[in-house]
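Letter by letter, the chains look like this.
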Protein chains: 2
Amino acid sequence: MGTNDLDTAYFDEQLYVRNVAVDNVIFGYHDRELKVLLQKPKLLDKWTVAGGYILKTESVEEAAHNIAFMRTGLKDLFLEQFKTFGSPTRIKDEWLDIEKVFENAGLNPPTEAWIRDYSVSIAFYTLTEFSLVTVQKASFDEAIEWWPVAQLPRMMFDHALIIEEALKALQRDIYHYPIGYELLPRKFTLPEIHSLYETILGKTLDNRNFTRKLLSTGIIKKLDETRNIGAHRSPFLYKFEKKQYDAALKNGIFLGF
Amino acid sequence: MGTNDLDTAYFDEQLYVRNVAVDNVIFGYHDRELKVLLQKPKLLDKWTVAGGYILKTESVEEAAHNIAFMRTGLKDLFLEQFKTFGSPTRIKDEWLDIEKVFENAGLNPPTEAWIRDYSVSIAFYTLTEFSLVTVQKASFDEAIEWWPVAQLPRMMFDHALIIEEALKALQRDIYHYPIGYELLPRKFTLPEIHSLYETILGKTLDNRNFTRKLLSTGIIKKLDETRNIGAHRSPFLYKFEKKQYDAALKNGIFLGF
DNA sequence: ATAATAGTGTCTTTAAGACACTATTTG
DNA sequence: CAAATAGTGTCTTAAAGACACTATTAT
């Protein structure tokens, strides 16, 4: 999406790249659950991934950043392009839906406008620290909410597939990038990051082996503080070592969990 | 690309998806070198990756298959989407080039036609067995040739970058897919596949360890034939085991070379 | 016999995986 | 002291990596 105005007339052929959408699967982590930020257009009972279009003056990556910014209020988020979807049927299968979207948005693009036509979607996923996000609703949306990836609502078009592929990409990337940095608060405990990895990978990880491997990379560092969690032993807080983290991002690491 | 006619007027807005191109980096392996199939438009001294546009009646993947077919005469090639490129400058940086391309092709799209405009390129790479390919020249091309990836000619637009990224993607994928099947003839020797892997990865691999690992996957099988290579010991021929190969493609394998 | 390439085995080192007890905190 | 969660060490097994000699073929 190219502007901060969520109500821009995307079918303006002068401003926007035609036939191309950008969809951005915004992941957050909270309450031991991996969540996705979804929107529900007015009057429809289907949800959509955050999405928008590309201004002719910006790159695909800038468009994806802008979409993330519009929905979360956050800039410079971690963002990965994972796949581009395009087929004659991915939107038209549910023709009625898109007509309703326009109607509800108070828009009425010409019948022949590209926005009703073949649509390629360049899909990204974004990682955000849940607690920092202040959700931004567009005027044509009835709701914008975090949904657990494990229990999604009815999704519009092929958006369920897009989320599924985003999750696969994330699961692939977690072995090669220090993903936790983006999803956790600045200070976190070992049990928290352990649970994050288990959640994303959908399997249990032996806590001793997990800790050993994670610490051996040198990307996190124990602090001299603990977190009080009630009637239990207080876990130590850790933080990411920016230097090691950046190196890991650049060169890749291998975390064989 | 959507038809078998290499001279189709791509700027026809009724037929083609606007603003979106598909570029396909076609890899082949020959003479111990990894090669790419490139074209040179008439009168320009820059080369391009195989590319084309998407018919509104086909999917992105179909378009990529059609591009590969038009250039190689082969169907059902192994094909992977690896990245989508899009920025306001990737084509316009060399505005003169694209004008010349049109001129040389005898085309004269209207000044405002999308084809001169912002262009998103969905990039794929394709693996082919070099010897099966019969190269197909389009009328607006002066030449179509295999170039060693290690010594590319001057490339148009961002095509050098696209090839670089395709190679990175291939190097990533080689660890998870039984790549050799696509690039080698049906029967091949251990030294041949060994050299293929060394070439793609750009590093030497201990032949004993390589053989041990490759054979342990069960995807190749020793035949009862040898290849005569002159005044040397004759190497045995091997072939891929289709069953194991398909399983490896589907589930992924791990080849830690 | 020589030159060139094919083919194979062992040892060492490192990483993965399995496994269970002790420590801290609060009520 | 009981309940809950944090935190840590060792052994076994598997895989990776390093390394060098013997086998075959044609001239």
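The model shown is predicted, which means the values in this text are computed figures rather than measured ones.

## Some words on the environment of Val149(A)
Consideration 1: In this structure, Val149(A) sits in the loop between β6 (141-148) and α3 (159-173).
Consideration 2: Considered as a pair, Val149(A) and Val36(A) are 113 residues apart in the sequence and their alpha carbons are 6.2 Å apart.

## Some remarks on the protein's contact with DNA strand C
Consideration 1: Around DNA strand C, the surrounding shell holds 24 residues, and the nearest of these are Arg208(A), Arg233(A), Pro191(B), Arg208(B) and Phe236(B).
Consideration 2: Among the atoms of DNA strand C close to the protein, meaning within 4 Å, 49% are from sugar or phosphate groups.
Consideration 3: Between DNA strand C and the protein, one listed contact pairs a base nitrogen with a side-chain N or O atom of Asn209(A) at 3.1 Å.
Consideration 4: Arg233(A) places a main-chain nitrogen or oxygen 3.0 Å from a base oxygen of DNA strand C.

## Overview of the protein's contact with DNA strand D
Consideration 1: Taken together, 25 residues sit near DNA strand D, with Arg208(A), Phe236(A), Arg208(B), Ala231(B) and Arg233(B) positioned nearest.
Consideration 2: For DNA strand D, the backbone portion of the atoms within 4 Å of the protein, that is sugar and phosphate, comes to 51%.
Consideration 3: In the environment of DNA strand D, a base nitrogen lies 3.2 Å from a nitrogen or oxygen atom belonging to the side chain of Arg233(A).
Consideration 4: Counting only elements with at least two residues in the surface near DNA strand D, the list comes to α5 (190-201) and α6 (207-217) of chain A together with α6 (207-217) of chain B.
Consideration 5: If you tally residues by element for the surface near DNA strand D, the top one is α6(B), at 4 residues.
Consideration 6: Class assignment for the residues of the surface near DNA strand D results in 8 nonpolar, 8 polar and 9 charged.

## Comments concerning the sheet that holds strand β8 (residues 220-226) of chain B
Residue and element names in this part refer to chain B.
Consideration 1: Across the sheet, which stays open at both edges, the 3 strands sit in the order β7-β9-β8 with antiparallel pairing between neighbours. In this open sheet, the two strands that pair with only one neighbour each are β7 (188-189) and β8.
Consideration 2: Pairing of β7 with strand β9 (residues 236-240), which is carried by 2 bridges, proceeds in the antiparallel orientation. Note on β9: the bridge partner recorded for Phe188 is Tyr238.

## Some points on the interface of chain A and chain B
A common measure of how large an interface is: the accessible area buried when the components associate.
Consideration 1: Between chain A and chain B, the residue contacts involve 24 residues of the former and 24 residues of the latter.
Consideration 2: The junction of chain A with chain B conceals about 1800 Å² of combined surface from both sides, 53% of it contributed by carbon and sulfur atoms.
Consideration 3: Three residues stand out in chain A for area buried against chain B, namely Arg18(A), Thr84(A) and Tyr118(A), and they jointly supply 27% of the buried area on that side.
Consideration 4: At the boundary of chain A and chain B, one finds 0 salt bridges.
Consideration 5: Summed over the shared surface of chain A and chain B, the result is 5 residue pairs in polar contact (both at pLDDT 80 or more).
Consideration 6: Elements represented by at least two residues in the side of chain A that touches chain B include exactly β1 (16-30), β3 (48-55), α1 (60-72), β4 (78-86) and β5 (120-127) of chain A.
Consideration 7: Its residues placed into classes, the side of chain A that touches chain B shows 10 nonpolar, 7 polar and 7 charged.

## Considerations on the layout of surface pockets
Consideration 1: Estimates place the volume of the largest pocket at around 2200 Å³.
Consideration 2: For the largest pocket, the lining is made up of 49 residues, of which Arg172(A), Asp173(A), Ala169(B), Arg172(B) and Asp173(B) are closest to its centre.
Consideration 3: Mapped onto the lining of the largest pocket, the elements with two or more residues apiece are α1, β4, α3 and α7 (242-251) of chain A together with β4 (78-86), β5 (120-127), α3 (159-173) and α7 (242-251) of chain B.

## Considerations on the domain arrangement of chain A
All names here are of chain A.
Consideration 1: Split by domain assignment, chain A resolves into domain 1 (8-173) and domain 2 (180-251).
Consideration 2: Computed over C-alpha atoms, the centres of domain 1 and domain 2 are 30 Å apart.
Consideration 3: Contact with domain 1, which involves 13 residues of that partner, is made by 13 residues of domain 2.
Consideration 4: Summed over both partners, the interface of domain 1 with domain 2 comes to about 1100 Å²; 66% of that surface belongs to carbon and sulfur atoms.
Consideration 5: The interface formed by domain 1 and domain 2 contains 0 salt bridges.

So, how was this worked out
What you see as residue numbers is a count from 1 along each chain, following the sequence as written. Numbering of ligands from 1 and lettering of chains from A proceed in the order in which they are written. Local features are withheld for residues below a pLDDT of 70 in this predicted model, meaning they are given only at 70 or higher, and side-chain atom pairs are given and counted only at 80 or more; totals for whole chains, interfaces and linings count all residues. To get the side-chain values, all heavy atoms of the structure are used, and hydrogens and water are removed first. Secondary structure is summarised from DSSP: a helix means a run of H or I of at least four residues, a strand means a run of E of at least two, and numbering begins at the N terminus for each. Being near a molecule or strand, for a residue, comes down to having at least one heavy atom within 4 Å of it. A 3.5 Å cut-off defines polar contacts: any pair of N or O atoms within that distance qualifies, except that in protein one atom must be a possible hydrogen donor and the other a possible acceptor, and neighbouring residues in sequence count only when both atoms are side-chain atoms. For this classification, Asp, Glu, Lys and Arg are treated as charged, while Ala, Val, Leu, Ile, Met, Phe, Trp, Tyr, Cys and Pro are nonpolar and the rest, including Gly, are polar. At least two bridges found by DSSP between two strands is the condition for calling them paired. The criterion used for residue contact is that any of the two residues' heavy atoms lie within 4.5 Å. As a working definition, buried area equals the accessible area (1.4 Å probe) given up by two parts on being put together, with both sides summed. Note on definitions: salt bridges are taken to be side-chain nitrogens of Lys or Arg within 4 Å of carboxyl oxygens of Asp or Glu. A pocket here means an open set of points on a 1 Å grid, computed over the protein atoms alone, that has protein on both sides within 12 Å along at least five of seven lines. A cavity is instead a set of points where a 1.4 Å probe fits but cannot get out; residues with an atom within 4 Å of a point line either one. Grid points are joined across faces, edges and corners, and a volume is the space filled by probe spheres set on the points. As annotated, the domain borders come from an automatic or database domain assignment.

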